[in-house]
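Coordinate inspection notes
Spelled out, the chains give:
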Amino acid sequence: MSRPGPLSQDPIAEAYRQWIEHGWGSVADGMALVTSLVRAQQIVMARVDVALKPSGLTFSRYELLQLLSFSKTGALPMAKASARLQVHPTSVTNTVDRLEAAGLVNRVPHPTDRRATLIEITTAGRESVAAATEALNAQVFAEPGLPPESGRELLRLLAQFRHDAGDFETGDPENLAFHATWRPDPE
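Reading the values: the criteria
Residues numbered from 1 in each chain as written. Predicted model: local features only at pLDDT ≥ 70, side-chain atom pairs only at ≥ 80, totals over all residues. Heavy atoms only, no water. Helix = DSSP H or I, 4+ residues; strand = E, 2+ residues; numbered from the N terminus. Axes fitted to C-alpha atoms, helices over the stretch in contact; angles between N-to-C directions. Parallel < 35°, antiparallel > 145°, perpendicular 65-115°, else oblique. Left-handed = near helix turned anticlockwise from the far one by under 90°. Contact = heavy atoms within 4.5 Å. Nonpolar A, V, L, I, M, F, W, Y, C, P; charged D, E, K, R; others polar.

Within the chain, Gln 86 stands out as a residue other than glycine whose phi angle is a positive 60°. As for its position among the elements, Gln 86 is in the loop between helix H4 (78–85) and helix H5 (89–101).

One way to put it is that helix H2 (residues 25–52) packs onto helix H6 (residues 123–141) with a least axis distance of 9 Å and a crossing angle of 135°. Taken together, the axis directions place H2 and H6 in an arrangement best described as oblique. Where H2 crosses over H6, the handedness of that crossing is right-handed. Here Arg 47, Val 48, Val 50, Ala 51 and Leu 52 of H2 lie close against H6, whose contacting residues are Ala 132, Ala 135, Leu 136, Gln 139 and Val 140. Partitioned by chemical class, the residues of the contact of H2 with H6 number 8 nonpolar, 1 polar and 1 charged.

Turning our eyes to something else, we now look at the packing of helix H3 (residues 59–70) against H4. Taken N-terminus to C-terminus, the directions of H3 and H4 make an angle of 115°; their axes are 11 Å apart at the nearest point. By the criterion of interaxial angle, the relationship of H3 to H4 is roughly perpendicular. The handedness of the crossing between H3 and H4 is right-handed. Between H3 and H4, the contacting residues are Glu 63, Leu 64 and Leu 67 on the first element and Ala 81, Arg 84 and Leu 85 on the second. Classifying every residue of the contact of H3 with H4 gives 4 nonpolar, no polar and 2 charged.

This is how it looks when you write it as structure tokens:
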């Protein structure tokens, strides 16, 4: 299926006009902002899906494999993986089921807590996430779709939004962790 070309007009601008016309002008900016964020997420995820397609991974499976590959031992308790990925434990369980079926992770008993299960990345999982990372770096992350200064400003604004929504804490609200110093291009 081929990708359709751009629309002749911005449907969010039209929705904005309609919101005002229907008497919802006081919330039209919010509607346009939320709708634009959702559409931007769809655009980014379509690019991510294309980059990940050869690996057979979804972004959630990729994120879990990358999290495991970054861990010191290549294994994490399922509850910790759920917390770090900020997803419900059921979602991690479903993701682990699929990755385990593909031979990319194993469930292993926790060495000191009989109630916990560790998710452990396999050699095949490390190879898969490394190839997927190369594809994402080249096809998505190297050119995220905005000039560097605009990207930094958007990242700062989104970090502020996430912080204010309770997504993470920081001791310095002006810095918001790495966001004030982030640079997408190596210097």
